[in-house]
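Now for the letters of each chain:
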Amino acid sequence: MPVIIESDCINCDMCEPECPNEAIFMGPKHYQVNIDKCTECEGFYAQPACIPVCPIECIVLATPQ
Ligand code: SF4
Ligand code: SF4
């Protein structure tokens, strides 16, 4: 299950360098997560590395469909 970046992202650039899978990229309006690359940091960290660095808490775990 990937994480997603919500539309209130302020493009602060804090999360992008934290991602070991280069899954975070700048979209048309704000940063986004490539869900095919995001592994929730499995194999690198115990928790998603991007979530705690976001100052406005707009990175969230995707909810299962
Ligand atoms: S959870 Fe990990 S792999 Fe997924 S976008 Fe965040 S830093 Fe990258
Ligand atoms: S850390 Fe949060 S606000 Fe900053 S660019 Fe990433 S998702 Fe956007």
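The structure this text deals with has already been given above.
Below is a short write-up of the structure. Quantities reported herein were computed from a predicted structural model and do not represent experimental measurements.

Here we look at empty space enclosed by the protein
Under the defined criterion, the tally for this structure stands at 2 cavities of 30 Å³ or more. Looking at the largest cavity, its volume works out to about 90 Å³. Forming the boundary of the largest cavity are 15 residues, of which Val3, Cys19, Cys38, Cys41 and Cys50 lie nearest the centre. A class-by-class count of the residues in the lining of the largest cavity yields 11 nonpolar, 2 polar and 2 charged. Computed from the structure, the second largest cavity encloses a volume of approximately 70 Å³. Around the second largest cavity sit 13 residues that line it, and Cys9, Cys12, Cys15, Cys54 and Cys58 are the ones nearest its centre. Along the lines of polarity and charge, the residues of the lining of the second largest cavity split into 11 nonpolar, 1 polar and 1 charged.

Comments concerning the site of ligand 2
Taken together, the neighbourhood of ligand 2 is formed by 14 residues, with Cys9, Cys12, Cys15, Tyr31 and Cys54 sitting nearest. If you map ligand 2 onto the pockets, it falls in the second largest cavity. Each residue belonging to the shell around ligand 2 can be placed in one class, and the counts come to 12 nonpolar, 1 polar and 1 charged.

Calculation rules
Residues numbered from 1 in each chain as written. Chains lettered and ligands numbered in written order. Predicted model: local features only at pLDDT ≥ 70, side-chain atom pairs only at ≥ 80, totals over all residues. Heavy atoms only, no water. 1 Å grid on protein atoms, 1.4 Å probe; cavity = no way out; pocket = protein on both sides within 12 Å on 5 of 7 lines; lining within 4 Å. Points joined across faces, edges and corners; volume = space filled by probe spheres on them. Nonpolar A, V, L, I, M, F, W, Y, C, P; charged D, E, K, R; others polar. Near = heavy atom within 4 Å. Sits in = over half its atoms within 2 Å of the grid points.

No statement about biological role is implied by the geometric values presented.
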